[in-house]
Amino acid sequence: MIDQLLQLESEARAAFSAASTEMALEQVRVAFLGRNGKLRELQEGMKSVPKEDKPAVGREFNRVKKALEALLEERQAALAAPETGAQLDVTMPGRAPRVGKQHPLSATLEEIVGIFLGLGFTVAEGPEVENYYYGFEALNYPEYHPAMDEQMTFYVTERTLLRSQTSTVQIRAMEQTQPPVRIIVPGRCYRRDTVDATHCHTFHQLEGLLVDEDITFADLKGTLEVFAQELFGQECHARFRPDFFPFTEPSAELALSCVFCHGQGCKVCSGSGYLEIGGCGMVDPNVLEGVGYDSEKYTGWAFGFGVERLAMLRHGIDDIRLFYSGDMRFLEQF
Ligand code: DAH
């Protein structure tokens, strides 16, 4: 009896290993382990084994049965692996890859940059970690001037700081070229502002600078008017009101007629009909002389505004913090 069991075991092992498809394996299983299979047949024969041999034969029977069951499982797992090709259904729809999209701030910035490239400006860049000279001194800030308050930023050392405005790049750009200068400077800025719906410690500005002979305040107004209309449509226009910046004289606050109520007055513009977006002015002769330009020969203007502010107006977004939240439910809307 034990010989028969061993004989069956080796036959079964050979058959299991030879089965090369799931279907063939199933046939082998039925033949050996099935209800009417060979193992069952042997089990029937055990009835005639003498009583004293029964425990030994029974033990061997169980060992062979377990061994074959384990082998079956192993072969089933091996054949179920996809490399057999039989299980690969090429007509199944694929898993769509997750496609990213442009962040609304980048998209707004790209559009703004596009408008100024069309007007003949080129893009300049400068460091976000700046030194005090470019950050303030060269921009004509007197040391204890109240205008410094707005520019409270993060200091790395006493004279190294994170730039609080892109105006710092004006100086770096002018140091490197002679007029005419016609640049825009998009970039990240930092301020020690308390974070709320309209302020963040990290934000973006876009600066413009034009220096040449015979450049006037009228050119500045006309350029910003064209910009407003390109970005928000023909009804939009730019408004100037007197302001102060150490690096421009005269200086103006730059506002656009409200893009929601077209100047009628609404909640977004607090009834004023205008939305303040930045500052501008004629480059102060001190700044021009500071970089070695002849301020009798050359004049220029500059402006700067917040990119977040414009993106919020463009899309009707009421909280600046959403831009940096990483919340896909927000980002996927644009
Ligand atoms: N940098 C100024 C700010 O952050 C805005 C600004 C004002 C930029 C006048 C200019 C300028 O270039 O000429 O408030």
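Structural data are supplied above this passage.
What counts, and where the lines are drawn
- Residues numbered from 1 in each chain as written.
- Predicted model: local features only at pLDDT ≥ 70, side-chain atom pairs only at ≥ 80, totals over all residues.
- Heavy atoms only, no water.
- Helix = DSSP H or I, 4+ residues; strand = E, 2+ residues; numbered from the N terminus.
- Buried < 20%, exposed > 50% of the residue type's maximum accessible area, 1.4 Å probe, protein only.
- Contact = heavy atoms within 4.5 Å.
- Areas by Shrake-Rupley, 256 points an atom, 1.4 Å probe, with all protein chains shown as cover.
- Lys, Arg positive; Asp, Glu negative; His and termini not counted.
- Charge placed at Lys NZ, Arg CZ, Asp CG, Glu CD.
- Salt bridge = Lys/Arg side-chain N within 4 Å of Asp/Glu carboxyl O.
- Near = heavy atom within 4 Å.
- Polar contact = N/O pair within 3.5 Å; in protein donor to acceptor, adjacent residues only side chain to side chain.
- 1 Å grid on protein atoms, 1.4 Å probe; cavity = no way out; pocket = protein on both sides within 12 Å on 5 of 7 lines; lining within 4 Å.
- Sits in = over half its atoms within 2 Å of the grid points.
- Points joined across faces, edges and corners; volume = space filled by probe spheres on them.
- Nonpolar A, V, L, I, M, F, W, Y, C, P; charged D, E, K, R; others polar.
- Core = buried A, V, L, I, M, F, W, Y, C linked by side-chain atoms within 4.5 Å.

Student: An account of the overall build of the protein is needed here, citing residue identities and associated values.
Tutor: Within the protein, the regular secondary structure consists of eleven helices and ten strands. Dimensions of the protein along its principal axes, counting C-alpha atoms only, are 125 × 45 × 35 Å. For the protein, the residues scored as buried account for 44% of the 334 residues in total. Excluding contacts between residues fewer than 6 apart, the proportion of contacts in the protein whose partners are at least 24 apart in sequence is 66%. For the protein, the computed accessible surface area is about 18600 Å², with 52% contributed by carbon and sulfur atoms. Distance between charge centres in the protein, computed from 32 positive and 49 negative side chains, equals 16 Å.

Student: Give me the lowdown on the pattern of salt bridges, citing residues and values where you can.
Tutor: All told, the structure shown has 16 salt bridges when counted by the stated rule. For Glu 26, the salt bridge is made with Arg 29, and the minimal N-O distance between the two is 3.0 Å. Residue Glu 26 and its partner Arg 29 are both found in helix H2 (residues 22–33); the two are separated by three residues, about one turn of the helix. Given the relative accessible area of 34%, Glu 26 is considered partly exposed. Across the salt bridge formed by Glu 253 and Arg 241, the nearest N and O atoms sit 3.7 Å from each other. Placement of the pair is Glu 253 in strand E8 (residues 248–257) and Arg 241 in strand E7 (residues 238–245), with a sequence separation of twelve residues. Classification of Glu 253 by relative accessible area gives buried; the value is 10%. Residue class for Arg 241 comes out partly exposed when judged on its relative accessible area of 42%. In this structure, a network of salt bridges that share partners links the residues Glu 9, Arg 13, Glu 60 and Arg 63.

Student: Lay out the site of the ligand in plain terms, naming residues and giving numbers.
Tutor: Looking at the ligand, there are 15 residues lining it, with Gln 165, Gln 170, Arg 191, Gln 205 and Glu 207 nearest. The side chain of Ser 167 places a nitrogen or oxygen atom 3.1 Å from a nitrogen atom of the ligand. With respect to the ligand, the backbone of Ala 302 contributes an N or O atom lying 3.2 Å from an oxygen atom. Its free accessible area being 350 Å², the ligand has 95% of it covered by the protein chains. Cavity membership is defined here by more than half of the atoms lying within 2 Å of grid points; on that basis the ligand lies in the largest pocket.

Student: Before we move on, can you summarise the environment of Ile 171 with the specific residues and values?
Tutor: Here Ile 171 lies in helix H7 (residues 168–176). Counting along the chain gives 45 residues from Ile 171 to Gly 126, while the straight-line C-alpha distance between them is 9.9 Å. If we skip the residues at most four places from it in the chain, Ile 171 touches Tyr 134, Ala 138, Leu 139, Val 287 and Val 291.

Student: Mind laying out the environment of Ala 252, listing which residues take part and the relevant values?
Tutor: Along the chain, Ala 252 falls in strand E8. Each C-alpha atom of the pair Ala 252 and Ser 295 lies 20 Å from the other, and the pair is 43 residues apart in sequence. Leave out the neighbours within four places in its chain, and Ala 252 touches Phe 217, Phe 240, Arg 241, Pro 242, Asp 243, Phe 245, Gly 279, Cys 280 and Gly 281.

Student: Describe the layout of surface pockets, naming the residues involved and giving the relevant values.
Tutor: Roughly 880 Å³ of volume is contained in the largest pocket. Per-element tally for the lining of the largest pocket: the top contributor is strand E9 (residues 274–283), with six residues. Here the residues of the lining of the largest pocket are counted per class, giving twelve nonpolar, 14 polar and eight charged. Here the second largest pocket is characterised by a volume of approximately 190 Å³. Forming the boundary of the second largest pocket are Thr 198, Phe 260, Val 268, Leu 275, Arg 309, Met 312, Leu 313, Gly 316, Ile 317 and Asp 318. For the lining of the second largest pocket, the residue count by class is six nonpolar, two polar and two charged.

Student: With reference to specific residues and values, describe the nonpolar core.
Tutor: Membership of the largest hydrophobic core comes to 45 residues, with the highest contact counts inside it found for Phe 116, Leu 206, Phe 303, Phe 305 and Leu 310. Counting 28 residues, the second largest nonpolar core, distinct from the first, contains Phe 136, Leu 139, Ile 171 and Ala 302.

This is a description of form; function is not addressed.
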